[in-house]
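# Residue-level structure breakdown
For reference, the chains in residue letters:
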Amino acid sequence: MPTIVVDVMPKAELLDPQGKAVTGALTRQGVTGFTEVRIGKRFELTVEGEVDEALLAQARQIADDVLSNSVIEDVVGIEVVE
Amino acid sequence: MTARIGVITFPGSLDDRDAQRAIAIAGAEPVALWHGSHDLDGVDALVLPGGFSYGDYLRAGAIAALAPIMSEVKDAAAAGMPILGICNGFQMLVEAHLLPGGLIRNAHQQFIRRDQRLRVENATTAWTSAFTEGQEIVIPLKNADGGYIASESELDRLEGEGLVAFRYAGVNPNGSLRDIAGITNERGNVVGLMPHPEHAVEEGFGPDTTAAMRSGIDGRAFFDSAIAAVVAAAA
């Protein structure tokens, strides 16, 4: 069954407290290769049958209106996974 | 007249009974309302209480903002009804676009509970008229997602138009931009804040004061203000 995957991230210019906590934990583990960790959300919308343009448009709409809050987050990706 | 003030209970509301009690102590009639209905029961004002509606899934207040009764809440806001969002209720109001900005996880990542000093920045709203501008009050604060944010230009607009209702005084407990603890809409009927006025309405149960332990009742003036606004609107 095809799935529409929506990725949402906290806005780049805003503090991501969860990501900051993970960054700190990695540093304490001695992991040095990564300067920052940011944590977002992945939504998987399962579809019965074909994904057509109308359904994708609907997915984009709910991504903007419900799945994310544009004040604090950005929708960074919408893709169909078979 | 006796003002009738509704308190909407959502799945996961915690402070709905406390809000009802505060309303009664202030001399109004509390009216219990249910998120799943479309009926405001003819109330004169509304409180969206604190808690963790829908487990704070998706974003704090986000799913509650889509509850059936929220369409009536939006109509009431547009008609000028006094509406107060406390903590989770504030998060619902921003998610419902009735107030600007957003609320994110506290900057220090932890739940916090403290008696919090606030400065009243706007004493002209339906929920703050019983205060004076610049007055400092102490009411409890308790939340995990209390960091108020908005874009720089939006923050400038809020400051310029006097829409910052409350600012944290002494310490900023959660990383809120420009120390913002609560805001109002342009009309002054919709107000939201993270701290809890309903927990500071009765001696013996409020924050400590220099006079006596647990004697703080600074939250009373929120409800006194709304009752005055309702009475004035009816006159």
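Above: the structure in question.
These remarks concern the structure in this document. Predicted model, so just to flag it, every value in this text is computed and none were measured.

## Brief notes about the overall build of chain B
If you tally the helices and strands in chain B, you get 5 helices and 11 strands. Split into buried and exposed, the 235 residues of chain B put 57% on the buried side. Look at the contacts in chain B between residues 6 or more apart in sequence, and 73% of them connect residues 24 or more apart.

## Digging into the overall build of chain A
For chain A, the helix and strand inventory stands at 2 helices and 3 strands. For chain A, the succession of helices and strands along the chain, N to C, is β-α-β-α-β. Whereas a compact globule of 82 residues would reach a radius of gyration of roughly 12 Å, chain A reaches 16 Å, over 25% beyond that. For chain A, buried positions account for 13% of its 82 residues. Long-range contacts, defined as pairs at least 24 residues apart, comprise 71% of the intrachain contacts of chain A with a sequence gap of at least 6.

## Considering the nonpolar core
Counting 78 residues, the largest nonpolar core has Ile5(B), Leu46(B), Leu93(B) and Ala226(B) as the members making the most contacts within it. When residues no more than four places from it in sequence are discounted, the contact partners of Leu93(B) are Leu48(B), Gly85(B), Leu98(B), Leu99(B), Val190(B) and Gly192(B). Grouped together as the second largest cluster of nonpolar side chains are 5 residues, Ile4(A), Val6(A), Val8(A) and Leu67(A) included.

## What about the pairing of strand S1 (residues 3-10) of chain A?
Residues and elements named next belong to chain A. Burial of S1 is one-sided: the residues Ile4, Val6, Val8 and Pro10 facing one way are buried, the residues Thr3, Val5, Asp7 and Met9 facing the other way are not. Sheet topology places S1 next to strand S2 (residues 41-46); 6 bridges connect them, and they run antiparallel. Residue pairing for S2: Asp7 is matched across the bridge by Arg42. Sheet analysis places S1 next to strand S3 (residues 73-81), joined by 8 bridges and oriented antiparallel. Directly across from Ile4, in S3, lies its bridge partner Val80.

## Considerations on helix H3 (residues 88-95) of chain B
Residue and element names in this part refer to chain B. With 8 of 8 residues buried, H3 lies mostly within the body of the structure. Those residues of H3 that fall on the buried side of the exposure criterion are Asn88, Gly89, Phe90, Gln91, Met92, Leu93, Val94 and Glu95. Packed against the buried residues of H3 are strand S3 (45-48), strand S4 (83-86), strand S5 (102-104) and strand S11 (190-193). Trailing H3 by a residue or two, His97 shows a phi angle of about 65 degrees, which is positive.

## What about unusual backbone geometry?
All names here are of chain B. The phi torsion at Cys87 lies on the positive side, around 60 degrees, for a residue other than glycine. Relative to the assigned elements, Cys87 resides in the loop between S4 and H3. Cys87 gets classed as buried once you count the C-beta atoms within 10 Å, which come to 29.

## Considerations on the sheet that holds S2(A)
Residues and elements named next belong to chain A. Here we have 3 strands laid out as an open sheet, ordered S2-S1-S3, and antiparallel in their pairing. This sheet does not close on itself; its edge strands, each paired only once, are S2 and S3. Shown here is a sheet whose adjacent strand axes are inclined to one another by a mean of 20 degrees, direction ignored.

## Considerations on the sheet that holds S3(B)
Residues and elements named next belong to chain B. Strand order across the open sheet formed by 9 strands is S2-S1-S3-S4-S11-S10-S9-S6-S7, with mixed pairing between neighbours. The sheet is open, and its two borders are formed by strand S2 (29-34) and strand S7 (136-143), each paired with just one other strand. Strand-to-strand twist in this sheet, taken as the mean axis angle between neighbours without regard to direction, amounts to 25 degrees. Across the sheet, helix H1 (residues 16-25) is in contact with strand S1 (4-9), S2, S3 and S4; its angle to S1 comes to roughly 175 degrees.

## Regarding the environment of Arg59(B)
Residue and element names in this part refer to chain B. Residue position: Arg59 is located in the loop between S3 and helix H2 (70-78). Residue classification places Arg59 among the buried positions, given that 23 C-beta atoms sit within 10 Å. Separated by 89 residues in the primary sequence, Arg59 and Tyr148 have C-alpha atoms spaced 14 Å apart.

## Concerning the environment of Arg17(B)
As for its placement among the helices and strands, Arg17(B) is situated in helix H1. The spacing of Arg17(B) and Val7(B) is 10 residues in sequence and 8.4 Å in space, taken between C-alpha atoms.

## Looking at the pairing of S2(B)
Residue and element names in this part refer to chain B. Taken together, the 6 bridges between S1 and S2 define a ladder with parallel strand orientation. Looking at the pairing, Val7 lines up with Ala32 of S2. One crossover worth recording links S1 to the parallel S2 by way of H1, and it is right-handed.

Definitions and cut-offs
Residues numbered from 1 in each chain as written. Chains lettered and ligands numbered in written order. Predicted model: local features only at pLDDT ≥ 70, side-chain atom pairs only at ≥ 80, totals over all residues. Helix = DSSP H or I, 4+ residues; strand = E, 2+ residues; numbered from the N terminus. Buried ≥ 20, exposed ≤ 12 C-beta atoms within 10 Å, placed from the backbone. Contact = placed C-beta atoms within 7 Å. Rg over C-alpha atoms; globule rule 2.2 N^0.38 Å. Core = buried A, V, L, I, M, F, W, Y, C linked by C-beta atoms within 7 Å. Pairing = 2+ DSSP bridges. Axes fitted to C-alpha atoms, helices over the stretch in contact; angles between N-to-C directions. Right-handed = clockwise from strand over helix to strand, strands pointing away.

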